[in-house]
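Structural overview for review
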Amino acid sequence: MKNGAPIVFAITGASGAPYAVRLLEQLLVAERKISLIVSSYGLRLLSTETDIKSIDALRDRVGANAWAKHVTVFANDDRGAAPASGSAKTAGMVVCPCSMGTLSAISIGASRSLIERAADVTLKERRKLILMPRETPLSAIHLGNMLRLARAGAVILPASPAFYNRPQKLEDAIDFVVARILDQLEVENTLVKRWKGN
Ligand SMILES: Cc1cc2nc3c(=O)[nH]c(=O)nc-3n(C[C@H](O)[C@H](O)[C@H](O)COP(=O)(O)O)c2cc1C
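Presented here is a report on the structure given in the accompanying data block.

Basis of the calculations
- Residues numbered from 1 in each chain as written.
- Predicted model: local features only at pLDDT ≥ 70, side-chain atom pairs only at ≥ 80, totals over all residues.
- Heavy atoms only, no water.
- Phe/Tyr/Trp six-rings, centres within 6.5 Å; stacked < 30°, edge-to-face > 60°.
- Helix = DSSP H or I, 4+ residues; strand = E, 2+ residues; numbered from the N terminus.
- Buried < 20%, exposed > 50% of the residue type's maximum accessible area, 1.4 Å probe, protein only.
- Pairing = 2+ DSSP bridges.
- Contact = heavy atoms within 4.5 Å.
- Axes fitted to C-alpha atoms, helices over the stretch in contact; angles between N-to-C directions.

Tallied over the entire structure, the rule returns two aromatic pairs. Centre to centre, the rings of Tyr 164 and Phe 176 are 5.9 Å apart; their planes meet at 85°, and the pair counts as edge-to-face. With Tyr 164 in the loop between β6 (155-156) and α8 (170-184) and Phe 176 in helix α8, the pair connects residues that are 12 residues apart, well separated along the chain. The class of Tyr 164 is partly exposed, set by a relative accessible area of 49%. For Phe 176, a relative accessible area of 8% puts it in the buried group.

Turning to the sheet that holds strand β5 (residues 129-133), a few remarks are in order. Ordered by their spatial adjacency, six strands build an open sheet running β3-β2-β1-β4-β5-β6, and the pairing between neighbours is parallel. Two strands in the sheet have a free side with no partner beyond their single neighbour: β3 (71-74) and β6. Taken together, the five bridges between strand β1 (residues 7-11) and strand β2 (residues 34-38) define a ladder with parallel strand orientation. Its bridge partner lying in β2, Val 8 is registered against Ser 35. Of the strands in this sheet, β4 (93-98) and β5 touch helix α5 (residues 100-107), which is tilted by about 145° from β5.

Below, the structure written as structure tokens:
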């Protein structure tokens, strides 16, 4: 992946907004360019699960200076924005968290929003698409959609923290999942100790 091209970062309305905030913070620490798209339910979940009630509040949480340098925000109903075209270079896309609704739409190429279209473009251009779904239990429909996406080249990276590293607090569990996403994006990180065997 190229350092210069932005990572498309979509936040949708599945539970797990704290993962999105932490991932965004870490991408800014790594000085990566971000094309940010937040669905209306993504914002609702940010508001429900964190103290962040607006995009401006998200900016203030992750740091206004870094945001001004690295983040471009796109409206989810603007399917004419840069991430809607394969000719706009990107360093891949992550949907964190990814609702079952958005996952379903991406799996059939619906492209009815900028998030869905940008994901469709990411797949057709053979760039890395990382989806962090959160739902439980999973129906055959959810599983079928995930299988179709995995076969199309997407990385399905569920919000599944591990316990072998003995997390002491919620932030440790969040960091475990965020580190796995950063690894997929090839962003150097030291968020969690790497397993070296017993
Ligand atoms: C409090 C709350 C929690 C939700 N949690 C989930 C969830 O964990 N997974 C999921 O797939 N949908 C969840 N939903 C439903 C989605 O937000 C809903 O299907 C929405 O239309 C998704 O739209 P989006 O993908 O455009 O953000 C939740 C909704 C609310 C209000």
